[in-house]
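Examination of the molecular architecture
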Amino acid sequence: MRRLILPSLLFMAALGVGLGLKYLPPAWDPRTPLDLTAAPNALTGWKLRWMALRPEACLAAFSHSGLAVSRVPDRPSDTGCEIENAMRMPSELRMSPAGPVATCRLAAAWTLFERHGLQSAAREELGTGIAGVRQMGTHACRNVNHAATGRRSQHATANAIDIAGFTTVDGREITLTRHWPGNSAEARFLRRSRDAACRYFGTVLSPDYNAAHRDHFHLDMGGWHACR
Ligand SMILES: [Zn+2]
């Protein structure tokens, strides 16, 4: 009789998990594509990381969210600079230069950041929303830190974006170079934006990291986790 206890418990546990998954709301179901327009929850980061293993889950997230994307054809490379599962960066903001090439995962993280982080940081610190973003590039076939040797940068595969600043709805220009130092409302907005970005991107480097980043945020979806 005692030999039946463990299998019975395992069966009951499996049944419980099965029933639990069946009645989970979509936002809490690990099998449902990530809704990029919905408020993030504890599964959001997990679903973003899952996209690294299952690229189709990323495109499914955009279609599940009702967001159209402009795909970019794959481009193989012998030098570690391939383009795969890429699109023109989707944005509700006026991005300049417009439409940089981005991996689907980078685009997904950006979409979450823009909708569930950047705007609330601006409203709370600046009393207005963000209308535009100035970016310094996503794709460049180069190594980390522009070094002659070493590993490829996440920029080599369009898996990173550099952000120089923002334009508010009421027309203020906010740049990392001018506004990061100090404790102005603009500085607090930039710090809160950096912290919000850390919830979605794998690596976030700000002027706090080193002098090479004094004029931009580096946001990427590589495997290394950093929030500096
Ligand atoms: Zn960068």
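Refer to the preceding data block for the structure.
So, here's what we can say about the structure. Throughout this description, residue numbers start from 1 for each chain and increase along the sequence as written. Residues qualify for local features only when their pLDDT is at least 70, as the model is predicted, and side-chain atom pairs are given and counted only at 80 or more; totals for whole chains, interfaces and linings, by contrast, use all residues. Think of the side-chain values as coming from all heavy atoms in the structure, minus any hydrogens and water.

Examining the packing of helix H2 (residues 44–53) against helix H3 (residues 55–64)
Rules: Axis geometry follows a simple rule: fit a line to the C-alpha atoms, using only the stretch in contact for helices, then measure angles between N-to-C directions, giving values from 0 to 180 degrees. Helix numbering and strand numbering both begin at the N terminus, where a helix is a DSSP run of H or I of at least 4 residues and a strand a DSSP run of E of at least 2. Note that the term roughly parallel is reserved for angles under 35 degrees, roughly antiparallel for angles over 145, roughly perpendicular for angles of 65 to 115, and oblique for everything else. For this analysis, residues touch if any pair of their heavy atoms sits within 4.5 Å. In this classification, the charged set is Asp, Glu, Lys and Arg, the nonpolar set is Ala, Val, Leu, Ile, Met, Phe, Trp, Tyr, Cys and Pro, and all remaining amino acids, among them Gly, are polar.
Closest axis-to-axis distance for the H2/H3 pair is 5 Å, and the angle between their directions is 130°. In this view, H2 runs oblique relative to H3, as classed from their interaxial angle. Touching Trp 50, Met 51 and Leu 53 of H2 are Pro 55, Ala 57, Cys 58 and Ala 61, all from H3. The residue inventory of the contact of H2 with H3, partitioned by class, reads seven nonpolar, no polar and no charged.

Details of the pattern of salt bridges
Rules: By definition here, a salt bridge exists when the distance from a side-chain nitrogen of Lys or Arg to a carboxyl oxygen of Asp or Glu is within 4 Å. Buried means the residue's accessible area, taken with a 1.4 Å probe over protein chains only, is under 20% of the maximum for its type, while exposed means over 50%, and partly exposed covers the values in between.
Taken as a whole and judged by the stated rule, the model has 10 salt bridges. Measuring nitrogen to oxygen at the nearest pair gives 2.6 Å for the salt bridge that ties Glu 56 to Arg 54. A residue is classified by how much of its surface remains accessible, and Arg 54, at 38% relative accessible area, is partly exposed. Residues Arg 194 and Asp 208 are paired through a salt bridge, measuring 3.3 Å at the closest nitrogen-oxygen approach. With Arg 194 in helix H6 (residues 185–197) and Asp 208 in the loop between strand E8 (203–205) and strand E9 (217–220), the pair connects residues that are 14 residues apart, well separated along the chain.

Section: the environment of Ala 158
Note on placement: Ala 158 falls in the loop between strand E5 (130–137) and strand E6 (160–168). With a relative accessible area of 0%, Ala 158 lands in the buried category. Along the chain, Ala 158 and Pro 100 lie 58 residues apart, while their C-alpha atoms are 8.8 Å from each other. Ignoring sequence-local partners within four residues, the contact set of Ala 158 consists of Ile 83, Val 101, Ala 102, Thr 103, Leu 106, Thr 138 and His 139.

Considering the coordination of the zinc ion
Short version of the rule: Note: metal donors comprise N, O and S atoms at 2.8 Å or less from the metal (3.2 Å for Na, K and Ca); water molecules are not included, so apparent gaps in a site are possible.
The coordination sphere of the zinc ion, as far as protein atoms go, consists of His 155 (NE2), Asp 162 (OD) and His 218 (ND1), spread over 2.0 Å. All donors of the zinc ion belong to a single chain; written as a sequence motif, their spacing is H-x6-D-x55-H. Within this pair, whereas Asp 162 is found in strand E6, its partner His 218 is found in strand E9, the two being separated by 56 residues in sequence.

A short note on the nonpolar core
Cut-off, in case you're wondering: Buried Ala, Val, Leu, Ile, Met, Phe, Trp, Tyr and Cys residues form a nonpolar core when they are joined through side-chain atoms within 4.5 Å.
Counting 43 residues, the largest nonpolar core has Trp 110, Phe 166, Phe 189, Phe 201 and Leu 219 as its most contacted members. Of all the secondary structure elements, the ones that give two or more residues to this core are H2, H3, helix H4 (104–126), E5, E6, H6 and E9. Apart from residues no more than four positions distant in its own chain, Phe 201 is found in contact with Leu 106, Ala 109, Trp 110, Phe 113, Leu 219, Asp 220, Met 221 and His 225. Grouped together as the second largest cluster of nonpolar side chains are five residues, Val 72, Ala 86, Val 101 and Ala 158 included.

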